[in-house]
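Here is what each chain is made of, one letter per residue.
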Amino acid sequence: AGPPPVGAADWLVRAHALRDELNRHNHAYYVLDEPSIPDAEYDRLFQELQALETAHPELATPDSPTQRVGGAPLPQFDPVRHDIPMLSLGNGFSDEDIEAFDKRVMDGLETLQEVRYAAELKFDGLAISLRYVDGLLVQAATRGDGTTGENVTANIRTVRAIPLRLHGTKIPTVLDVRGEVLMYKQDFARLNQRQRDAGQKEFANPRNAAAGSLRQLDSRITAQRTLRFFAYGIGVLEGMDMPASHSALLDWYQELGLPVCKERAVVTGAAGLLAFFRGIGEKREQLPYEIDGVVYKVDRLDQQKHLGFVSRAPRFALAHKFPAQEALTQVLEIEVQVG
Ligand SMILES: CC(C)(C)c1nc(N2CCN(c3ncccn3)CC2)c2cc(C(N)=O)c(N)nc2n1
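The shown structure was predicted, so the numbers you read here are calculated from the model rather than taken from an experiment.

1. Overview of the pairing of strand β3 (residues 116-123)
Counting buried residues along β3, seven of its eight residues qualify, which places the element largely inside the surrounding structure. Here four bridges tie β3 to strand β9 (residues 265-268), and the two strands are oriented antiparallel to one another. Following the sheet pairing, alanine 119 is matched in β9 by alanine 265. Relative to strand β10 (residues 291-298), β3 is paired through seven bridges, and the arrangement is antiparallel.

Given below as C-alpha cells:
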C-alpha cells in the first residue's frame, strides 16, 4: 500500500498513517511477541481510525485493522478446493522409526552423504491455507479432506497474528501459505474460565477450542477468542521463484510478516533428528502452546521433489510423536462419545 495521493484530504492521510501504525503494533505484539505500545494507546488510535472510517466508509480497506472485529454471522461455510492438495504426514514413534526414515530418505536420494533436515514443532491446532493475492489476504480455508476445505476467511481476518497484507518488497502475485491455527494454553484457560462464568460448556483442550472458534459462523465470537498462527508450508506460488529449501522458505515468510515459530533448526542425519526431538521433549511443558511431536522435512526442495509422495503422505517428511500422555482422558472422551 503506497503513500496516499499527493494533495489528498488530510483525513485520508491520517487514516492511512493510523492503519500502517496500528498494523505495525499488531505485528510487534502478535507476531514478534514484543508489544510496542501500551494497550490503552493502541485502543485510542484504533478508535480514531474507526471514527474516520465511519465518517468516510471508503477508508475501510480490506487491510484495515478495524476489519478484525468480525461481522454479521454467515449462513454456512462455502467449500473451497485447494489448487495444490494439503497432504497428510507419516508418523514415527521410536528411535528405530526415525532411523528407518532417514535410511529410506538416503536410499531414495541414492546418497551416502548425511541428509540435511529442517526440524520444527508439530503444533496441536488445525491446518489452514491462506491465499494472498498481490500481498492482500483474500481467502482462508480449512484443510478439510486435503482437497476441499471450508471457507473461513471472515473468521481468519479476526486472528491478529495473521497479517491482512504482506510486508516488504518481494511480494508474489499469488501465494498460498499453509500453517496451523492454535490457541495458547493461557488463552485456553482464560476462555474456559469465561465459559464457566457464563454457564457454558468448557472446551476439552486447546485444539478443540481453536477448531470450535474457527468453525463459528459468527466472526464476532471468533474475534473474542485469542487464536494464533504459525506458517509451515506452501501451496501455489506465482510471480516468484520458490525458495531452494524449507528453511529459506520460513526465513522469507518471516520477512513477509508471517509468524514462524523460532523453535526450529536445520540438523543432519538421524542423530541430528533425535537430538532435536529430545531437546524439545525437555522444554515441552514450558512451551506456551501444546505440541504433539515434532516434524522433520528434508530441507532441500530439489531433494523433496526427487523423493515425492507415497499415496498422500510425502516420503520427504515425517511426524515424530511423543507418547500419548493423557491416556485416561482419551478413554473418558471415547466413553462420553459412545455414551
Ligand atoms: C507440508 C507438509 C505436508 C510436510 C506438512 N503437513 C502438515 N500437516 C499434514 C497433516 N495434517 C493433517 N491434519 C488433519 C488430518 C490429517 N492430516 C496436518 C498438517 C504439517 C503440520 C505441522 C504442524 N501440525 O505443526 C507442521 N509443522 N508441518 C506440517 N507439514
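2. Observations concerning the nonpolar core
Soluble globular proteins tend to pack their nonpolar side chains together in the buried interior. Within the largest apolar cluster, 36 residues are counted, with the highest numbers of intra-cluster contacts made by Leu130, Ile156, Ile162, Val177 and Tyr253. In terms of residue count, the dominant contributor to this core is helix α8 (residues 246-256) (five residues). In contact with isoleucine 156, not counting residues within four places along its chain, are Ile128, Leu130, Leu137, Ala140, Ile162, Val181 and Leu214. Judged by nonpolar contacts, the second largest core, of 31 residues, contains Tyr184, Leu273, Leu287 and Val298.

3. Observations concerning the site of the ligand
Around the ligand, the structure places 14 residues, and the nearest of them are Leu87, Glu120, Leu121, Phe123 and Lys297. With respect to the ligand, the backbone of leucine 121 contributes an N or O atom lying 3.1 Å from a nitrogen atom. Contact distances for the ligand include 3.4 Å between a nitrogen atom and a side-chain N or O atom of glutamate 180. Compared with its free state, where it exposes 610 Å², the ligand has 75% of that area covered by protein.

4. Let's talk about the pairing of strand β4 (residues 126-133)
Across the eight residues of β4, six count as buried, placing the element largely inside the fold. Relative to strand β7 (residues 174-182), β4 is paired through eight bridges, and the arrangement is antiparallel. Within the sheet, the bridge partner assigned to isoleucine 128 lies in β7 and is glycine 179. Pairing of β4 with strand β5 (residues 136-142), which is carried by six bridges, proceeds in the antiparallel orientation. The residue bridging serine 129 from the neighbouring strand is alanine 141, located in β5. Between β4 and β5, which pair antiparallel and follow one another directly, the connecting turn spans two residues, one of which, aspartate 134, has a positive phi of 50°.

5. Observations concerning the sheet that holds strand β13 (residues 317-321)
Judged by pairing direction, the sheet is mixed, and its five strands sit side by side in the order β2-β13-β10-β3-β9 without closing on themselves. What marks the edges here is a single partner per strand, and that holds for β2 (91-92) and β9. Sheet contacts for helix α3 (residues 95-109): β2, β3, β10 and β13; angle to β13, the most-contacted strand, approximately 175°. Helix α9 (residues 269-283) rests against β3, β9, β10 and β13 of the sheet, and its axis sits at about 140° to β9.

6. Focus on the packing of helix α1 (residues 10-30) against helix α2 (residues 39-55)
The N-to-C vectors of α1 and α2 enclose an angle of 145°; their axes lie 10 Å apart at closest approach. For the pair α1 and α2, the crossing hand works out as left-handed. Of the residues in α2, those in contact with Trp11, Arg14, Ala15, Leu18, Arg19, Glu21, Leu22, His25, Asn26 and Tyr29 of α1 are Asp39, Tyr42, Leu45, Phe46, Glu48, Leu49 and Leu52. Of the residues belonging to the contact of α1 with α2, the class tally is 10 nonpolar, two polar and five charged.

7. Examining the pattern of salt bridges
All chains considered together, the criterion is met by 20 salt bridges. Here lysine 122 and aspartate 292 are joined by a salt bridge, their closest N and O atoms 3.4 Å apart. Placement of lysine 122 in strand β3 and of aspartate 292 in strand β10 is noted, with a sequence separation of 170 residues between them. For the pair shown, lysine 122 and aspartate 292 are each scored as buried. Residue aspartate 187 is joined to arginine 228 by a salt bridge in which the shortest nitrogen-to-oxygen separation is 3.2 Å. Pair noted here: aspartate 187 is in helix α5 (residues 185-197) and arginine 228 is in strand β8 (residues 228-238), with a separation of 41 residues, a long-range link. Across the pair, arginine 228 and aspartate 187 agree in class, each one buried.

8. Side note on the environment of leucine 22
Tracing the backbone through its elements, the reader meets leucine 22 in helix α1. The class for leucine 22 is buried, based on a relative accessible area of 0%. Considering only alpha carbons, one finds leucine 22 and leucine 49, 27 residues apart in sequence, at a separation of 9.3 Å. Apart from residues lying up to four places away in sequence, leucine 22 is in contact with Tyr42, Leu45, Phe46, Leu49 and Pro65.

9. Brief notes about the sheet that holds β7
The strand order β5-β4-β7-β8 describes an open sheet built from four strands, whose pairing is antiparallel. Unpaired on one side and paired on the other, β5 and β8 mark the two borders of the sheet. On average, adjacent strands in this sheet sit at an angle of 25° to one another, irrespective of strand direction. Along the sheet, α8 contacts β7 and β8; its crossing angle with β8, the most-contacted strand, is approximately 110°.

Conventions used here
Residues numbered from 1 in each chain as written. Predicted model: local features only at pLDDT ≥ 70, side-chain atom pairs only at ≥ 80, totals over all residues. Heavy atoms only, no water. Buried < 20%, exposed > 50% of the residue type's maximum accessible area, 1.4 Å probe, protein only. Helix = DSSP H or I, 4+ residues; strand = E, 2+ residues; numbered from the N terminus. Pairing = 2+ DSSP bridges. Core = buried A, V, L, I, M, F, W, Y, C linked by side-chain atoms within 4.5 Å. Contact = heavy atoms within 4.5 Å. Near = heavy atom within 4 Å. Polar contact = N/O pair within 3.5 Å; in protein donor to acceptor, adjacent residues only side chain to side chain. Areas by Shrake-Rupley, 256 points an atom, 1.4 Å probe, with all protein chains shown as cover. Axes fitted to C-alpha atoms, helices over the stretch in contact; angles between N-to-C directions. Left-handed = near helix turned anticlockwise from the far one by under 90°. Nonpolar A, V, L, I, M, F, W, Y, C, P; charged D, E, K, R; others polar. Salt bridge = Lys/Arg side-chain N within 4 Å of Asp/Glu carboxyl O.

Taken by themselves, the reported measurements are silent on function.
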